[in-house]
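Residue-level structure breakdown
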Amino acid sequence: MMKKMNLPTSKTSLVLFLCQIISALDVPLDSKLLEELSQPPTITQQSPKDYIVDPRENIVIQCEAKGKPPPSFSWTRNGTHFDIDKDAQVTMKPNSGTLVINIMNGGKAEAYEGVYQCTARNERGAAVSNNIVIRPSRSPLWTKEKLEPNHVREGDSLVLHCRPPVGLPPPIIFWMDNAFQRLPQSERVSQGLNGDLYFSNVQPEDTREDYICYARFNHTQTIQQKQPISVKVFSTKPVTERQPVLLTPTGSTSTKVELRGNVLLLECIAAGLPTPVIRWIKEGGELPANRTFFENFKKTLKIIDVSEADSGNYKCIARNTLGSVHHVISVTVKAAPYWITAPRNLVLSPGEDGTLICRANGNPKPSISWLANGVPIAIAQEDPSRKVDGDTIIFSHVQERSSAVYQCNASNEYGYLLANAFVNVLAEPPRILTPANKLYQVIADSPALLDCAYFGSPKPEIEWFKGVKGSILRGNEYVFHDNGTLEIPVAQKNSAGTYTCVARNELGKIQNEVQLEIKDPTMIIKQPEYKVIQRYGQASFECIIKHDSTLLPTVTWLKDNDELPDDERFLVGKDNLTIMNVTDKDDGTYTCIVNTTLDSVSASAVLTVVAAPPTPAIIYARPNPPFDLELTGQLERSIELSWIPGDENNSPITNFVIEYEDALHEPGVWHYQTEVPGTQTTVQLKLSPYVNYSFRVIAVNKIGRSQPSEPSEQYLTKSASPDENPANVQGIGSEPDNLVITWEPLKGFQSNGPGLQYKVSWRQKDVDDEWTSVIVANVSKYIVSGTPTFVPYEIKVQALNDLGYAPEPSEVIGHSGEDLPMVAPGNVQVHVINSTLAKVQWDPVPLKTVRGNLQGYKVYYWKVQSLSRRSRRHVEKKILTFRGNKTFGMLPGLEPYSSYKLNVRVVNGKGEGPASPDKVFKTPEGVPSSPSFLKITNPTLDSLTLEWGSPTHPNGVLTSYTLKFQPINNTHELGPLVEIRIPANESSLILKNLNYSTRYKFYFNAQTSVGSGSQITEEAVTIMDEVQPLYPRIRNVTTAAAETYANISWEYEGPDHANFYVEYGVAGSKEDWKKEIVNGSRSFFVLKGLTPGTAYKVRVGAEGLSGFRSSEDVFETGPAMASRQVDIATQGWFIGLMCAVALLILILLIVCFIRRNKGGKYPVKEKEDAHADPEIQPMKEDDGTFGEYSDAEDHKPLKKGSRTPSDRTVKKEDSDDSLVDYGEGVNGQFNEDGSFIGQYSGKKEKEPAEGNESSEAPSPVNAMNSFV
């Protein structure tokens, strides 16, 4: 009886065809075979169902398919045929169905909104894509509204409504102030899911004029700003506490519907004072573990990957000390259709039967409909072999004409699923895929597997024969597998020979021969044996083998299953292993492994290393403890101790250590008393009064210390007055009007008797005063009040007990407390040495005005303004301390061509004195830093475009740029150097007449009148031919660095949803790159924790896209700054701005008054009359006031143009959410409706140039590069 088993062969790689087969017909993945077999179309790639596109870029609708013959493609739009030949803006990629709609050359994305469907067709059927809904993204403007100030009583609740414009997709909402800092949020103040800002209770610190809601539209990379909202909190005393009230949701119950697999977000925000705390529970159940998260200070419950089991009632409870309130949200989880059994491709032979099954579930239950070749099956071409039974199509006795592609559509009100599955009916004669005359070699008594990989339709029958004219193989000694493999479970010598495989079906027959050879097994006939070897002896293990003469064996030795040690003591012979001069570390298990191409055997033995029998040795040990301690000759201050030594244990005793215990003051604690030579067994001991002594003795030899002896009898000495006074007496004031006297108290046995106290005495030094004394208990401090400020005192502390006083103590000098210095240093002078160094000097203050220990002087200095820039920056005060009575110092690290201020203060132990008047000084020009970036773009055959950013630190007035470049050949040799001088106001240059397909190296730096700054280098290649850039890619990596962090931004071109990472390290270092993962798909990242004044290298990469990376960029962090202090009210720019505003209002009032008296018209009114702009409201005739005027630029959203960040991007300081700190120039960068002017690329409005410096002014728009 023949056995049949579904067991894959281990010798031939046969895998299922890409389609999933539901029949007995398997198609091996053989490239030659697949090229010959017909196959209906299969959709391999398509755009998402809901496809939101950027209206500024070309629309690419993907549709890729495979089939044999290759399929053709067609499209429908909104249900009707879409003729792409009639639309010049639409093209189809060659050998593909992907559409490209050209928007960048005049097309409008809105014109191509609609529902698109792709059909891939060949002679065996038609596959269709999903319905692809194309919608351009939208970022509408904020509607204008008049916002009244919010006047709120302290403790009341408040909701600031955002009401963002409805965009596609919806915008991301965040609240910031006019300095682009995110508004801090807490349990009291937080943003709701709808974007509104909720205050559970307002506090006086909530008063501000700049609550601004921003809407960020990520798809178009624009940001819209709502007009600032003003909140004014007024106080009423007392503030009334209130129990919680829900701000959202309202009422006691609400409902929520969410789809299966989505994220469920439930929100509860409550008002109340004190601020309520939110808690969430699920009625009748538990919140799902590992899927539940709390956000927004527990006001938001988030459950990910919800299922129908998550339906139910969720209760939020808001509680404070006055009470609680709750709200129940009834959650229902619905489900869009999801597959239970998706239809799978079916490959059949003529006359066979099969089924297509399409089963889906959802809530509500989805309906199932079938299509054939994209046409509803009810009106499709009839096929007598096909029968539709609900979610199943049954095929009976199919023929070649039954080949088709079937579509199953499962839909409910929440969505649909569409799956293509083909039925491919093939009629093919048998083919044998196993190579002819293939040789199989096996070891005797092992299984033999002979392959016969085949294909045919109908499925061929397989028969095996032995020998050329042998009979068919049958019987229990053979196993015949479904894949054609013949298995001989136990191959013997007589199993060797030629085997023939025959495959036949009704269309033909084919055969193939293979050869089988049987080899003798490999054996170890002499195995290694267990060895016990003495240290430094020799060990030898044998491993003698027997093997088939046609096989080449290899012998390997292991120690403890690892390689042998790399030691010349290990000698490996042909059939043995010898270890010379063995040591303890050679202990272990040694294994001999014999390998051939067909089998492997091994044997092991253990080696134990032992020491040689030792000769008897003298035992040395610590001495035994002394015994029989005796006290004699007892006196008040001395006693004699004697003892008998213990056994020396072959090592002479060198000395004895005597210890004592004071059972009266420190029972159980032994102290060192003295030690005597090892030849001495008595000692005279000095004693202290009022101590209950007991003694013990320890013997010491070269080996160590003995155990202590048993204690002697106790001996109590008589009491006496103290022998000594407290040590470490000090007098230091803690306040301007006191003197704190401290000392180190006597230890217990030093008291010499009961009733220990201290006499504290003091008097002012150099004043004819009597001593003032006080007796205090056994403490360590006494405070003298009412003293003059910082005057010297003579101090002494004397011990006493019930029997009398200690000897007269010595006097020490102390000082009463310090107070802040009274006057500031005068005659402050500054001498500028060079562009980065200045010397400051001052006159010392009188010592009487210091009122304390003079510790030194502090110099506060700060940069007021860079003379090469119009805008000022926040004050960053630095502090230098000069110790002692020094009256001058150096100020290093100054920035060239800048205006500075400084003042000087005297410092004592209490603190700083008043500041000297601010001194203004200016630094001269210096050489500039390197240009902030150098980009080389638009390579052509003979030209390159260079773009650069001005130096981060111009350090003066830029006079020009110098560009040097030279070609580099294939061996990296440099060609002739060309130098070009470029005016300082240029920011780009096109180099022409270059050699095609040539690499160039560029060196670029800036100059001031002082000289040239450091250069930046870059390399680029002219192209060999006009080709499109390769995708994906990351380019234009730019950096904006501060002291300890850097803002990294880049441009990415390629597939969506790339996972970016940033790698960085110290420039020139060989250390491994450090890697930071970027959250989401942002094109910026902030590196923190950098070292000031250090050059770094950086690059950007994307995971999952063949691991491509950008080129490296190098940047340098700023120098370390001293402590920073900012006081905006004292800044010159702020005072000047306020004066200018006041002057402008005064002039406007005067002009209005004059024009009104004359009865004339305003110029604005005349212009209004002339243009009749309906957007301009006329001046009111009755009161002469102005109407509202609209700027034509009001409604320009912030769009992304060039993605290269400007070097003028302002660095973030304290928060990743901070956009920028702009100083005085912020307000001029917004329109009335709050839209940003300009684009992400940081384009600036030109202003008149001053001198040779750049005419471009910093814009807050630049900061949006890093934010978006």
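Residues numbered from 1 in each chain as written. Predicted model: local features only at pLDDT ≥ 70, side-chain atom pairs only at ≥ 80, totals over all residues. Heavy atoms only, no water.

1. Remarks on the side chain of N701
Relative to the assigned elements, N701 resides in the loop between strand 63 (692-700) and strand 64 (715-716). A polar atom in the side chain of N701 sits 3.0 Å from the backbone oxygen of A621. One polar contact links the side chain of N701 to the main-chain amide nitrogen of I703, over a distance of 3.0 Å. For N701, the contacting residues outside a window of four places in its chain are A621, R622, P623, E648, S651, P652, I653 and T654. (Helix = DSSP H or I, 4+ residues; strand = E, 2+ residues; numbered from the N terminus. Polar contact = N/O pair within 3.5 Å; in protein donor to acceptor, adjacent residues only side chain to side chain. Contact = heavy atoms within 4.5 Å.)

2. Observations concerning the nonpolar core
Core analysis: the biggest nonpolar cluster contains 29 residues, and I59, I61, W75, I101, Y116 and I134 have the highest contact counts within it. Within the residue set of this core, elements represented by two or more residues are strand 3 (50-53), strand 4 (59-61), strand 5 (63-68), strand 6 (72-77), strand 9 (99-101), strand 10 (114-122) and strand 12 (132-136). Residue contributions to this core peak at 3 residues, all from strand 10. When sequence neighbours within four positions are dropped, the list of residues in contact with I61 reads S47, Y51, W75, G97, T98, L99, I101, Y116, I132 and I134. Ranked by size, the runner-up nonpolar core spans 20 residues in total, among them C452, L473, L486 and A491. (Core = buried A, V, L, I, M, F, W, Y, C linked by side-chain atoms within 4.5 Å. Buried < 20%, exposed > 50% of the residue type's maximum accessible area, 1.4 Å probe, protein only.)

3. What to know about unusual backbone geometry
The residue after K68, namely P69, is reached through a cis peptide bond having omega 0°. As for its position among the elements, P69 is in the loop between strand 5 and strand 6. P458 follows S457 through a cis peptide bond whose omega is 5°. One non-glycine residue with positive phi stands out, namely N373, at about 55°.

4. Regarding the sheet that holds strand 9
Taken in spatial order, the 3 strands make up an open sheet running 4-9-8, and their pairing is antiparallel. Of all the strands in the sheet, just strand 4 and strand 8 (90-92) have a single pairing partner and so form its edges. This sheet shows a mean twist of 20° between the axes of neighbouring strands, independent of strand direction. Where strand 4 and strand 9 come together, 3 bridges link them in antiparallel fashion. Residue pairing for strand 9: I59 is matched across the bridge by I101. (Pairing = 2+ DSSP bridges. Axes fitted to C-alpha atoms, helices over the stretch in contact; angles between N-to-C directions.)

5. Comments concerning a nonpolar patch on the surface
A cluster of nonpolar residues, L1143, L1146, I1147, I1150, V1151, F1153 and I1154, forms a patch on the protein surface that exposes about 650 Å² of accessible area. Within the secondary structure, I1147 sits in helix 3 (residues 1132-1158). Among the residues examined, I1147 registers a relative accessible area of 43% and is labelled partly exposed. (Patch = residues over 30% accessible without salt bridge, like charges linked within 9 Å, V, L, I, M, F, W, Y side chains within 5 Å. Areas by Shrake-Rupley, 256 points an atom, 1.4 Å probe, with all protein chains shown as cover. Salt bridge = Lys/Arg side-chain N within 4 Å of Asp/Glu carboxyl O.)

6. Observations concerning the pairing of strand 55 (residues 576-579)
Relative to strand 55, strand 50 (residues 539-542) runs antiparallel, the two being bridged by 4 bridges. Counterpart to S540 in the pairing with strand 55 is T578. Both strand 54 (residues 570-572) and strand 55 contribute to a ladder of 3 bridges, which runs antiparallel. The residue bridging V572 from the neighbouring strand is L577, located in strand 55. Where strand 54 folds back onto strand 55 in an antiparallel hairpin, the turn is made up of 3 residues.

7. Describing the packing of aromatic side chains
Within the structure shown, the criterion is met by 23 aromatic pairs. Ring centres of W842 and F882 lie 6.0 Å apart, and the angle between their planes is 50°; on these two criteria the pair is classed as tilted. One end of the pair, W842, is in strand 74 (residues 837-843); the other, F882, is in strand 76 (residues 878-883), and 40 residues separate them in sequence. An aromatic cluster is present here, built from Y660, Y693 and F695 joined pairwise through their rings. Positioned over the ring face of W771 is K796, at 4.4 Å from the centre of the ring. It is K877 that lies over the ring of W862; its NZ or CZ is 4.4 Å from the centre. (Phe/Tyr/Trp six-rings, centres within 6.5 Å; stacked < 30°, edge-to-face > 60°. Lys NZ or Arg CZ within 6 Å of the ring centre and 35° of its normal.)

8. Quick look at the confidence of the model for the protein
It should be kept in mind that the predicted coordinates are not to be read in detail where pLDDT is low. When pLDDT is averaged along the protein, the result is 84, and 85% of the positions lie at 70 or above. Confidence over residues 1122-1126 falls short of pLDDT 50; this stretch has 17 contacts with residues more than four positions distant or in other chains. (pLDDT = per-residue confidence, 0-100.)

9. Considerations on the sheet that holds strand 77 (residues 888-891)
Pairing between the strands of a sheet comes from backbone hydrogen bonds, and it takes one of two forms, parallel or antiparallel. Within the open sheet, the 3 strands sit side by side as 73-74-77. Their pairing is antiparallel. What marks the edges here is a single partner per strand, and that holds for strand 73 (826-834) and strand 77. Shown here is a sheet whose adjacent strand axes are inclined to one another by a mean of 20°, direction ignored. Examined bridge by bridge, strand 74 and strand 77 share 4 bridges and lie antiparallel to one another. Note that in strand 77 the partner of V840 across the bridge is G889.

10. Considering a negative patch on the surface
A cluster of acidic residues, D628, E630, E640 and E713, forms a negative patch at the surface. D628 gets classed as exposed once you look at its relative accessible area, which sits at 53%. (Lys, Arg positive; Asp, Glu negative; His and termini not counted. Charge placed at Lys NZ, Arg CZ, Asp CG, Glu CD.)

11. Observations regarding the pattern of salt bridges
Enumeration according to the criterion identifies 37 salt bridges in this entry. The partner of D560 in a salt bridge is K559, with the nearest N and O atoms 3.2 Å apart. We classify D560 as partly exposed; its relative accessible area is 42%. Take K559: its relative accessible area is 12%, and that puts it in the buried class. Put simply, D177, R208 and D210 are held in one network by salt bridges that share partners.

12. Points about the state of the cysteines
Inspection of the entire model under this criterion finds 6 disulfides. The residue that forms a disulfide with C452 is C501, at a sulfur-sulfur distance of 1.8 Å. Between C452 and C501, the S-S dihedral sits near -65°, and the bridge is therefore left-handed. Here C501 lies in strand 46 (residues 497-505) and C452 lies in the loop between strand 41 (448-450) and strand 42 (454-457), a separation of 49 residues in the sequence. (Disulfide = S-S within 2.5 Å.)

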